[in-house]
Amino acid sequence: MSGKGSQPSSYPQRPQAASGYKGKALEIITASGVQVGDALIAKNEKLSVSGILMPRSELDDDRHIVIKLKDGYNLGISVESLKLQRLQPEEPRRAAPAVEAKSKPGLPKVAIISTGGTIASRVDYKTGAVSPALTAGDLYQSVPELGEIAEIRTEILYSLLSENISPENWKSMAQSVYRQIKEGADGVVITHGTDTMGFTAAALSFALQGLPVPVILVGSQRSSDRPSSDAYLNLKGAVLAASRAPFAEVGVLMHKGISDNGLVIHRGTRVRKMHTSRRDAFKSVNSPPLAYMNDGQIEALQPFRPRSSGRLPSLKADFDPDVVLIKSFPGIPPDIFDPLIHRGFHGIVLEGTGLGHVPEKIFHQIRRATQAGMTVVMASQCIYGRVNMNVYSTGRELLSMGVIPAGDMLPETALVKLMWVLGQTTDKLRIKELFSSEIAGEISQRSTYKEGRE
Amino acid sequence: MSNRVGTSTNALGIKVGIEIHQQLDTASKLFCACPTALREDPPHHSVKRRLKPTTSEMGDVDSAALFESVKQKSFTYEAYEDTVCLVELDEEPPHDMNGEAVQVALTVALMANMTPVDEIHVMRKIVIDGSNTTGFQRTAKVAFGGFIMDGSERITIQSLCLEEDAARKVSEEREGITYRLDRLGIPLVEITTGPDMHSGEQAARVALSIGRLLRSTGKVKFGLGAIRQDLNVSVEGGARIEVKGVQELGLIPSVVEMEAQRQIALLEIREELRRRGVSEVRSDPADLTATFSSTSSKVLRKAIDGGGCVFGARLAGFAGLLKRELQPGRRLGTELSDRAKTYAGVGGIFHSDELPGYGITAGELEAAAKALNAGEGDAIILVAAPLEACEAAIRAAVARAAEALVGVPSEVRSANADGTSRFMRPMPGSARMYPETDVPSIVVSSERLEAIRTALPEPLDAKAERYVREYGLSRDLASLIADSPHSSAFERLVKEDSVPAPFVASTFEYTFKMLKREGADVDSLDKEQIREVLIMSSRGALAKEAVPEVLRWLASNKGKGVGDAIASLSLAGTEESIVRSAIEAAVSENIDLVMREGERAVSPLMGDLMKKFRGKVDGRMIHSLLKEEIARRLATK
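Residues numbered from 1 in each chain as written. Chains lettered and ligands numbered in written order. Predicted model: local features only at pLDDT ≥ 70, side-chain atom pairs only at ≥ 80, totals over all residues.

Some details on the sheet that holds strand β4 (residues 74-78) of chain A
So, point 1. Pairing is antiparallel in the open sheet, where 7 strands are placed in the order β5(A)-β1(A)-β2(A)-β3(A)-β4(A)-β5(B)-β23(B). Here the strands that pair on one side only, and so sit at the sheet edges, are β5 (83-86) of chain A together with β23 (442-443) of chain B.
So, point 2. Note that strand β2 (residues 48-54) of chain A and strand β3 (residues 64-68) of chain A share 3 bridges and pair antiparallel. Of the residues in β3(A), the one forming a bridge with A:L53 is A:I67. (Pairing = 2+ DSSP bridges. Helix = DSSP H or I, 4+ residues; strand = E, 2+ residues; numbered from the N terminus.)

A look at the environment of B:L569
All names here are of chain B.
So, point 1. Counting through the fold element by element, L569 comes out in the loop between α17 (562-568) and α18 (576-589).
So, point 2. Taking the number of C-beta atoms within 10 Å as the measure of exposure, L569 has 15 and is therefore partly exposed.
So, point 3. Between the C-alpha atom of L569 and that of L162, which follows or precedes it by 407 residues, the distance is 47 Å.
So, point 4. Once residues lying within four places of it in the same chain are set aside, the contact partners of L569 are E549, V550 and W553. (Buried ≥ 20, exposed ≤ 12 C-beta atoms within 10 Å, placed from the backbone. Contact = placed C-beta atoms within 7 Å.)

Quick word on the domain arrangement of chain A
Where interface size is quoted, it is often the accessible area lost as the parts come together.
So, point 1. Here the domain parsing of chain A yields domain 1 (3-86), domain 2 (109-315) and domain 3 (323-436).
So, point 2. Placing the centre of domain 1 of chain A and that of domain 3 of chain A at their C-alpha centroids yields a distance of 52 Å. (Domains from an automatic or database assignment.)

Things to note about helix α21 (residues 619-635) of chain B
Residue and element names in this part refer to chain B.
So, point 1. Here α21 contains 17 residues, and its C-alpha end-to-end distance of 24 Å stays within 8% of the 24 Å for a straight helix at 1.5 Å per residue.
So, point 2. Residues of α21 that are buried include every one of I622, L626 and I630, and no others. Projected down its long axis, α21 carries its buried residues within an arc of 65 degrees, all on one side. Along α21, exposed side chains directed more than 90 degrees from the buried face belong to R620, S624, E628, R632 and A635. (Expected span 1.5 Å × (residues − 1). Arc of directions from axis to C-beta.)

A look at the sheet that holds strand β23 (residues 404-405) of chain A
Residue and element names in this part refer to chain A.
So, point 1. Taken in spatial order, the 4 strands of this open sheet run β20-β21-β22-β23, and their pairing is parallel. A single partner strand is all that each edge strand has here, and the edge strands are β20 (323-327) and β23.
So, point 2. Bridging between β20 and strand β21 (residues 347-352) involves 5 bridges; their strand directions are parallel. Bridged to I326 within β21 is L350.

A look at the UniProt feature "domain: GatD N-terminal" (unreviewed entry) in chain A
So, point 1. The UniProt record annotates "domain: GatD N-terminal" (unreviewed entry) at residues 35-84 of chain A.
So, point 2. Regarding residues 35-84 of chain A, the helix share stands at 0% and the strand share at 48%, and the terminal C-alpha atoms are separated by 11 Å. (UniProt positions renumbered as here; feature names shortened; annotations may be inferred.)

Focus on the domain arrangement of chain B
All names here are of chain B.
So, point 1. Under the domain assignment, chain B is made up of domain 1 (2-31 + 97-167 + 184-273), domain 2 (281-404), domain 3 (458-568) and domain 4 (576-635).
So, point 2. Using only C-alpha atoms to locate each centre, domain 1 and domain 2 end up separated by 37 Å.
So, point 3. Each partner contributes residues to the interface: domain 1 has 9 residues there, and domain 2 has 8 residues.
So, point 4. For the side of domain 1 that touches domain 2, the residue count by class is 5 nonpolar, 1 polar and 3 charged. (Nonpolar A, V, L, I, M, F, W, Y, C, P; charged D, E, K, R; others polar.)

Okay, structure coming up:
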């Protein structure tokens, strides 16, 4: 129901031919000369039903087939002594009327780049399968108000569940955003699966510096096939923010609470998914959000980089994927570092305990790693607060090995930043300098009372 | 009355089908681990949502869904921290389907001679009146193709579905509806019969049979709203009308008869319109605000002064038809008015058949008719509201007038307490269901069915028979206790705790009812406490006469124990020795009487002793001890 959970296991799109059937069930279907979508009578020793043959989840057994009855219900019928008899095909289904993409003249131009996920999907109500839908026409049809807000251009970049998004994808997203801005977009919206939306937001914050317009990542926690979906409000808010917000930064826009009456825009480097399923899963950490949006009104909550027209961002979209994130835990076996060092990864982000600690038993491995030329940085698994490696001897010793503290950066942001830094330079001193300095609001020198907690 | 109409409508091809929704009394809800309890204490928090209709699977926006969306509402959901979780709030995916509920559904299916499906698939049925936080109801077909007998007549049971109950409406305002989530997700069994019944009485009888069949599982909820009936009624030439929300069985006959009456009257109106040569109804609304600028009609005045308008429309050829009664107190005009209310949110409409009146003068009516070009054979309707609402109201009312040419418009109606009904929404299309992909399907194995079949619950009639036979209950008391929610507690007390059956049954059926009438909340009494009270009483530790008092005290002192009740009511059981010595004393004092009258002296002595021990010692115990003592004295004489 949320993120990928909302989609059937078959998402993104199952080929039309593959129906999810296998084994005995597939044999009977094939032998009977019927196909998914056919009207038929299915009969076994117990049941006799007429309806339409439906696809089946691949994870289900091969002992049943699924029939949709006339009253709309689906049921499974056992393949034991099953007979299938095809009926005359019914009238072809009427396709949804195509809606012309229309918007008022003179509106700001917003580019919507689709990468997949729940927000930009359409459900096939017959099968329950979810597929991406992102022509401007589709969008105006599902959220007609968009036509009143902006002139929309759409680009389908991927159709990926966000757990499958990689640094390569960040790069092409950054390039797409760059191109859209170059072609005159007054703001860019990226629809994204929510699982790793925080990582992508951080990546784009580093890859697109000196932005002239806002870049808003948006997702939804309830799939758009359901009337209660948060997709509509979020998407509308994202287009509004992209076209009207005074700031020119990478932001993540989602529900502020679990009611449909407030949105929040988080700074891309400070945001984390903090709940598996709630609408308000995204929270700013160690920083207030960038802004709230209530009834279309944007209220900035902290200083921001302002919009400026006629400028182009500088595109620095290279990421080094050879970086790993290791979470410390009691009893962490030292030899898990052996393959990392052997394989020659370029960086390790340690998610240490407390102020930035790992057990003494793995010190020698950290030392080996740094001596082998790997960059090792330390963030905290506390999530809130900053690391300080001067307080205890453990921290001091790690510093002496060359471990770089990540300040009050989120561990995920530290990972993305280290990938980005290593994608920009191989110079040891430059790496340390870049990693430690503020690039996109990801790190600060002051920790405040509220820390972004609401 | 219903009898007379029943006979008359019988000849008109009346067909009735029933849909019964019964809440199950399972430990937890259908798709989460929350308890299935309704609450009246103030909710802990609330959230606000909006719903958006989605195009249905056939590419159309479902008419019912579209209709609800016309009314741009916001929904407030009230929740309790300890009994409502993120699943009801639509903030967490549903958990697996409750196995206990599936078991009950399969049991009922087999009792109704139905064939369960081989694999149960959960569907999402689009419902966007806000009563489900998701915008759909989760429902699954469990079985179909069964029957029950009504005398010698076979009534088909078409379908049995297991579904989640909707949220409970708390209040409705112009801008939104407030629901409470305690009810959302309680398992419901939905049983649909064929249109096989021919009268309201028969429908009521069949509804009762199905209700008792459900109750025999011992797993259903009791009380107001726990079982709800919808009726499908049609007469020949009419249309299938769904009447929802019939809360009491007793109301079924009049709902059926009155719906039949309504359909017949509508068919008569259609004939009359045909005779008059009316073949279409056109909507040509006009702004009559100027005509009524100096009206003294309160309703019109208020609208005009508030910046609104008065709109009118002519219904050509409708003169005199709008006052035609369809159901007691409800006319064709009422149907137009109901549509305007639901679609436009106005307070109602006026029509020329009821005017002059409501402060609208004959002169004003004439002026309005003139402005609308309405002649003698025409009717006019008026509405006073803000501009947009006026337009929508006239549109809705005229649309309903046009349907008079068709006869009976197919629609969903809502039952009123007097058996009449009012428009609720158009009949939903069939295409508003798609698979619930978050919940795995459930295979119904033949082993599982066999196990259920060999241990089907005892039908309530057989149970009552057994109570008469085994426990010596009267027939009346036996069927009362067999039908009641206390039957399993009754059997346990009698079988395991050896408490006399008539005492247990009469406590549950008579004492409880008496206490309830007095306003004591006995329904919420702890089952174990009731058991403790009855056991104590049967062992002589608590007088039978004191049982009502103890139960009453416990009902109003939640969280306290039986011991507290006894202490607080000074009912501490009197030691047998104290009773014995009191009896010895009484016999000694009246030894002459005893010697003279022998055993007959028991009665006069009982009176005094009972005065002393009433409520503290069981009268029967005193009686037997007294008899014993007298016999002893006589023997030792």
